[in-house]
Amino acid sequence: MSLPVDLTYPPEAEAFRGEIRGWLEENLPEGWGEPGFSMTHDERKSFEEEWTKKLAAGGWICSSWPVDYGGKGLSLLQQVVLTEEFARAGAPLRADFFGDTLVGPTILQWGSNDQKRHFIPGILDGSISWCQGFSEPDAGSDLASLKTRAELDGDEWVINGQKVWTTQAQFADYIFLLARTDPEAEKHAGISYLLVPMKQPGIEVRPIAQIDGSAEFNEVFFTDARCPKDNVVGGVNNGWKVAMTTLGFERGTSATTGYRRFAKELDRIIEAARARGKERDPLVRQRLAEVWCAVKIMQINGYRTLTDTLNGTHHAAKLGACNKMFWSETHQRTMELAMDVLGMDAQILRGDPGGVEMSGGRTAARRGRADYPVDELQASFFFSRSETIWGGTAEIQRNIVGERVLGLPKEPKAPGA
Ligand SMILES: Cc1cc2nc3c(=O)[nH]c(=O)nc-3n(C[C@H](O)[C@H](O)[C@H](O)COP(=O)(O)OP(=O)(O)OC[C@H]3O[C@@H](n4cnc5c(N)ncnc54)[C@H](O)[C@@H]3O)c2cc1C
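Here goes a summary of the coordinates provided. All values reported here derive from a predicted model rather than from experimental measurement.

This paragraph deals with the packing of helix α4 (residues 97–110) against helix α5 (residues 113–124). In contact at an axis separation of 10 Å, α4 and α5 are set at 160° when each is read in the N-to-C sense. Between α4 and α5, the angle falls in the class roughly antiparallel. Note that α4 runs across α5; the crossing there is left-handed. Residues G99, D100, V103, G104, I107 and L108 of α4 pack against Q115, K116, F119, I120 and I123 of α5. When grouped by side-chain class, the residues that make up the contact of α4 with α5 number 6 nonpolar, 3 polar and 2 charged.

Structure, rendered in structure tokens:
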């Protein structure tokens, strides 16, 4: 049964909100978020470096993590307020997505004390960057078909195989990797979750060029690559369970703030429609209204998720699957609308050649190349195409909703699968 959603926060949460607002005012560059504020490429780079240090000093990166491992131990509600205030100010709140959101929480849940001591501080201060080595050429949605192998040789695992679509592999210090450690075991058994250093001779990274010319993700080849025996998280041959935890984090974060980026984008699309007189076109108005309603639904669903989480009635996989499917499909429709509103202007490279270069920076602007300067709406349009794929495709989310939320019969498997 659904719980009633309370949209007010207790006074102590509001007091904490004031504290965060004060910190942001003190630390953000002058004029941040005001109309006309801009940074050159170099200014942006140095802002990103400085900002990560400031976040780490404030304790705001992964602030709910335990004090024993260098976190601030914030409550869930405090963390929500923190995320809301950073989102309101448009200030970045992470050092490294893969570290903060995926492997960090996984190590905290499954890792040994030594692993926590070794890896968590580097995630908290942004000094270790990570990439995710799950997908392979023949193992995406059907991840358990993965073939990359790891074999013990004395005190080390020796890894051979190939990963693909590995975002940020060209910049990462470590990869959290799924490898088959018992080839005789059943498909979902015999997999281990390894933490492998990237900068070693046995690893070759080949960038994959994307539609907008940038190369954000890669093929990664392992030929006798090595990692210490103790870098298995959650036990040898237990990697499937551990990986499912990581995917749960990937599908279920930023409950009450996720909608904001879509709301901001909608404002920009409305602005673009007004500038072209298209706000008077009844079909455009209707599509804008549909997006507005969808953004409201995301906002309210976010509060529903928070209410359930605070009351312990949360089922991450169920809510995460519904939310992922809804926002990713809505966003694609929204960005198609944006391109229709821009009309012929959408065909022109409208970005700032100096401003959006893809870099290894932790909070770097995501897209584009100096010689293919897409603007933010164009970049978002391109990237929205991938959003129904990464983190579990929309079809897979539908399977999860069908089977685990609605209790429908399980999808038939091919013989031998
Ligand atoms: C931008 C981006 C970044 C990524 N970053 C990473 C990363 O850092 N690390 C990493 O490991 N991976 C990453 N991936 C890979 C991503 O996880 C996979 O692309 C995804 O899991 C889908 O796998 P696949 O591409 O092999 O497609 P497939 O699994 O081959 O799917 C092909 C099509 O078949 C459908 N389909 C498959 N199985 C079923 C089924 N059972 N029922 C119904 N339909 C089905 C799918 O929905 C899809 O439409 C990234 C992908 C993208 C797009």
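After that view of the structure, there is still more to cover.
Here the focus is helix α1 (residues 11–27). Here α1 contains 17 residues, and its C-alpha end-to-end distance of 25 Å stays within 8% of the 24 Å for a straight helix at 1.5 Å per residue. Buried residues of α1: A13, F16, R17, I20, W23, L24 and N27, and no others. Looking straight down α1, one finds its buried side chains confined to an arc of 125°; they lie on one side. Turned more than 90 degrees away from the buried face of α1 sit P11, A15, E25 and E26, all of them exposed. For α1, the elements touching its buried residues are α2 (41–58) and α3 (76–89).

Counted according to the given criterion, the structure contains 20 aromatic pairs. Aromatic side chains F47 and W51 sit 5.5 Å apart centroid to centroid with 25° between the ring planes, which places their arrangement in the stacked category. Within this pair, F47 and its partner W51 are both found in helix α2, separated by 4 residues, close to a single helical turn. Taken as a pair, F47 and W51 share a single burial class, namely buried. Their ring planes at 50° and their centres at 5.8 Å tell us that F381 and F382 sit as a pair that is tilted. An aromatic cluster of at least three residues, connected via ring pairs, comprises F16, W23, W32, F37, F47, W51, W60 and F86. The ring centre of F221 lies 4.1 Å from the NZ or CZ of R206, which sits over that ring.

About the criteria used
Residues numbered from 1 in each chain as written. Predicted model: local features only at pLDDT ≥ 70, side-chain atom pairs only at ≥ 80, totals over all residues. Heavy atoms only, no water. Axes fitted to C-alpha atoms, helices over the stretch in contact; angles between N-to-C directions. Helix = DSSP H or I, 4+ residues; strand = E, 2+ residues; numbered from the N terminus. Parallel < 35°, antiparallel > 145°, perpendicular 65-115°, else oblique. Left-handed = near helix turned anticlockwise from the far one by under 90°. Contact = heavy atoms within 4.5 Å. Nonpolar A, V, L, I, M, F, W, Y, C, P; charged D, E, K, R; others polar. Expected span 1.5 Å × (residues − 1). Buried < 20%, exposed > 50% of the residue type's maximum accessible area, 1.4 Å probe, protein only. Arc of directions from axis to C-beta. Phe/Tyr/Trp six-rings, centres within 6.5 Å; stacked < 30°, edge-to-face > 60°. Lys NZ or Arg CZ within 6 Å of the ring centre and 35° of its normal.

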